[in-house]
Amino acid sequence: ACGGFVWEFKSHGFCVVDGSGKEYPLYGGDFGDEETYNWYNFCLDGFLTSDGTPKPTWYDLGEVLAPIRAQFDGELKLTNTNDFRNADYISMIWELREDYIAIKSGKIDALSIEPHQTIVFGNSQIDFIPDSIVSGASYYLDLSFFDGDRMLSHKQLNLPYHYEKNTVETKKFKGSFTCENNSIKVETDNCSVVIENAMLTGYIVNDYEIISKPMRLNFYRAATDNDGIMADFKWFPKWFFRRKSEWAEAFLKTMKFWVSNTTIKKESDALHLTFDGKILPNTGWMGYNATIEYRILSSGLVTVQIVGKPFGKMTYVLPRIGVIFELADNLKNVEWYGRGEMQNYCDSLSAAPIGIYNSDVKKLNFMFDVPQETGNHENTKFVSVSDSAEKGITVVGCDEFSFSYHDFSLDNLDDAHHKNEVIRSDENYLYIDYKVRGLGSRSCGPEPEEEFELRPHSFKFGFALCSLQNKNDALNLARCDLGVKTEKLSEIYKFENINRIEQVANCTED
């Protein structure tokens, strides 16, 4: 018995039986008259795919089970989690990093720590204090633990050293603009920007067309096992579909910005465009009162600020909040400063240290046996995508964002039942997200813990985009105050009790 219904093995297959005795057979798909019964994704929800390939969660498990724990609270503390064995067989390589750059390093050949004991390392043993603090930089202590040549674990500790960001240097704005109907075209010395219906639609820098299709707001992601991936199977009772059914009924895929007022202001260093309106699905009975702002600099740098406040009876949880850029398929190369190398989500970061990474778009997304949400990267400071001629686009966070990059469409990923049904598109899709819902463990277990949940709330999300930058120039931009801001979720999104959650879910309180 589970959740008020019973799982029974009948002569004709495995079934869910409700309280009235009605049977709901577990199908692997719709095969017409020839019915095939199986456990659907429940036979595939472990740590390996059907061909034995480890899923990303396999590496999270490795970090959770590692024999060493690390903590920093002004001092470095290491704990041996073994029950009986001293940690003297473990060596440690440490690096002090300024963003992704190692500035100090060292090695300890043997950690002599008794079982279940904690020892403290001072700065005289491991030099974890930078000689100077760079404005806008982040500092990390990376710890790699080895048993001989075999790596046991990699821990990364965020160090509390920080100077405020300096304001980005700008020049006098000398561009011009034209406004016709719902389209605004901005020209600078080397850049052309087109905004239609408040969406960035065209972006050309030095005669290279980077964006030719409208940016889209996006509040949806492909469902995971935990979201209710079996929602397509109509013979199951509605409550079995979980979140995917809830999102479908709210038409979250159709969320779109509708402009009610436009303001154009020419400032000394930028052209400032402000669009007030509403973000609505096709139903129109809930959504966000929203403002989208652009600042276009003479250099071609464009900052984007999106502010939203929910109204109406929203869904209890959201899959994500962000935007999509549809880019040319020759932009295959990806470089980012954030979490990697594998996909990671806000509640699955153990095996994803912050650093600088490179990938091809085809290798960036993990293909599960049952296709679902994939390829996210948290705590991103910048991401660049480029072609073989090293032309493309760089997106810089204000302060951090999540990103994913797919060479298949969201609809295709959401509709596919087998990974061979995920078809490579003629375009690539860059997702820049304020927040993505945590994964949880509800293939047959709990939803995300509350701190990793995404409930409707007021938000402020800012980022900037420009032509392709090398990693050092992109890092310099990420270290600067670009004039817009992302308010971290923890600053405005706290729950004291379940009644508070209900209020937020119904948009009766921010």
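Residues numbered from 1 in each chain as written. Predicted model: local features only at pLDDT ≥ 70, side-chain atom pairs only at ≥ 80, totals over all residues. Heavy atoms only, no water.

Draft legend 1. Focus on the overall build of the protein chain. Across its full length, the protein chain holds 7 helices and 29 strands. Taken across its 510 residues, the protein chain has 54% of its residues classed as buried. Summing over all exposed atoms, the protein chain offers an accessible surface of approximately 23300 Å²; the carbon and sulfur share of this is 48%. (Helix = DSSP H or I, 4+ residues; strand = E, 2+ residues; numbered from the N terminus. Buried < 20%, exposed > 50% of the residue type's maximum accessible area, 1.4 Å probe, protein only. Areas by Shrake-Rupley, 256 points an atom, 1.4 Å probe, with all protein chains shown as cover.)

Draft legend 2. Examining the pairing of strand S25 (residues 377-386) more closely. Taking burial as the measure, the 10 residues of S25 include 10 buried ones, the bulk of the element. Inspection of the sheet shows strand S23 (residues 333-339) paired to S25 by 5 bridges, in the antiparallel sense. In the sheet register, Asn 333 faces S25, and the bridge partner there is Ser 386. Relative to strand S26 (residues 392-406), S25 is paired through 7 bridges, and the arrangement is antiparallel. Across the sheet, Phe 382 pairs through a bridge with Val 396, a residue of S26. Connecting S25 to the antiparallel partner S26 that follows it, the hairpin turn spans 5 residues, and Glu 390 within it adopts a positive phi of roughly 60°. (Pairing = 2+ DSSP bridges.)

Draft legend 3. Main features of the side chain of Asn 82. Mapped onto the elements, Asn 82 comes out in the loop between strand S5 (76-80) and strand S6 (91-98). Residue Asn 82 is classed as buried on the basis of its relative accessible area, which comes to 17%. In terms of polar contacts, Asn 82 uses its side chain to reach the side chain of Tyr 89, at 3.2 Å. Ignoring anything within four residues of it in the chain, the contact list for Asn 82 reads Pro 67, Tyr 89, Pro 115 and His 116. (Polar contact = N/O pair within 3.5 Å; in protein donor to acceptor, adjacent residues only side chain to side chain. Contact = heavy atoms within 4.5 Å.)

Draft legend 4. Local environment of a positive patch on the surface. Positive charge collects at one region of the surface, where Lys 171, Lys 172, Lys 174 and Lys 266 lie side by side. By secondary structure assignment, the location of Lys 174 is in the loop between strand S11 (166-167) and strand S12 (176-180). The class of Lys 174 is exposed, set by a relative accessible area of 66%. (Patch = residues over 30% accessible without salt bridge, like charges linked within 9 Å, V, L, I, M, F, W, Y side chains within 5 Å. Salt bridge = Lys/Arg side-chain N within 4 Å of Asp/Glu carboxyl O. Lys, Arg positive; Asp, Glu negative; His and termini not counted. Charge placed at Lys NZ, Arg CZ, Asp CG, Glu CD.)

Draft legend 5. Representation of the nonpolar core in the model. Residues Tyr 203, Tyr 294, Phe 325, Phe 403, Tyr 405, Ile 432 and Phe 463 are the most contacted members of the largest nonpolar core, which totals 93 residues. One finds Ile 68, Leu 96, Ile 108 and Leu 111 within the second-largest nonpolar core, a separate group that totals 25 residues. (Core = buried A, V, L, I, M, F, W, Y, C linked by side-chain atoms within 4.5 Å.)

Draft legend 6. Region of the structure containing the packing of aromatic side chains. In the structure shown here, the tally under the stated rule is 16 aromatic pairs. With a centroid separation of 6.1 Å and 80° between ring planes, the pair formed by Phe 275 and Tyr 294 is classed as edge-to-face. Highlighted residues: Phe 275 in strand S19 (residues 270-280) and Tyr 294 in strand S20 (residues 286-297), separated in sequence by 19 residues. Ring geometry for Tyr 337 and Phe 382: centres 5.9 Å apart, planes at 55°, overall tilted. Note that Tyr 337 is positioned in strand S23 and Phe 382 in strand S25, a separation of 45 residues in sequence. In this structure, Tyr 337 and Phe 382 share a single accessibility class: buried. Taken together, the ring pairs connect Phe 219, Tyr 288, Phe 325, Tyr 434, Phe 459, Phe 461 and Phe 463 into an aromatic cluster. Stacked on the ring of Tyr 89, the Lys or Arg Arg 85 has its end atom at 3.6 Å from the ring centre. If you follow Lys 256 out to its NZ or CZ, it ends over the ring of Trp 258, 4.7 Å from the centre. (Phe/Tyr/Trp six-rings, centres within 6.5 Å; stacked < 30°, edge-to-face > 60°. Lys NZ or Arg CZ within 6 Å of the ring centre and 35° of its normal.)

Draft legend 7. Structural detail: the sheet that holds strand S13 (residues 183-187). Strand order across the open sheet formed by 5 strands is S12-S13-S14-S15-S16, with antiparallel pairing between neighbours. In the strand order of this sheet, the two ends are held by S12 and strand S16 (208-211), each with one partner. If you compare each strand with its neighbour and ignore which way they point, the axes differ by 15° on average. Direction of pairing for strand S15 (residues 199-205) relative to S16: antiparallel, over a ladder of 3 bridges. Along S16, the bridge assignment pairs Ile 204 with Glu 209. (Axes fitted to C-alpha atoms, helices over the stretch in contact; angles between N-to-C directions.)

Draft legend 8. Inspection of the side chain of Glu 373 at higher detail. Examined against the element boundaries, Glu 373 turns out to sit in the loop between strand S24 (354-360) and S25. Among the polar contacts listed, one links the side chain of Glu 373 to the side chain of Tyr 345, at a separation of 2.6 Å. If we ignore the near neighbours within four places in the chain, the residues touching Glu 373 are Arg 221, Ala 222, Ala 223, Thr 224, Arg 320, Tyr 345, Phe 368 and Leu 413.

Draft legend 9. Expanded view of helix H1 (residues 56-64). For H1, the complete set of buried residues consists of Pro 56, Asp 60 and Glu 63. Relative to the axis of H1, the buried residues are bounded by an arc of 60° and lie together on one face. Summarising the contacts, the buried residues of H1 are in contact with strand S4 (68-72) and strand S10 (150-159). (Arc of directions from axis to C-beta.)

Draft legend 10. Main features of the sheet that holds S5. Read from one edge to the other, the open sheet built from 3 strands follows the order S4-S5-S8, with strand pairing classed as antiparallel. Two strands close off the open sheet at either side, each with one partner strand: S4 and strand S8 (118-121). The average undirected angle you get between the axes of adjacent strands in this sheet is 20°. Pairing geometry for S4 and S5, over 5 bridges, is antiparallel. When the bridges of S5 are listed, Arg 69 appears paired with Thr 79.

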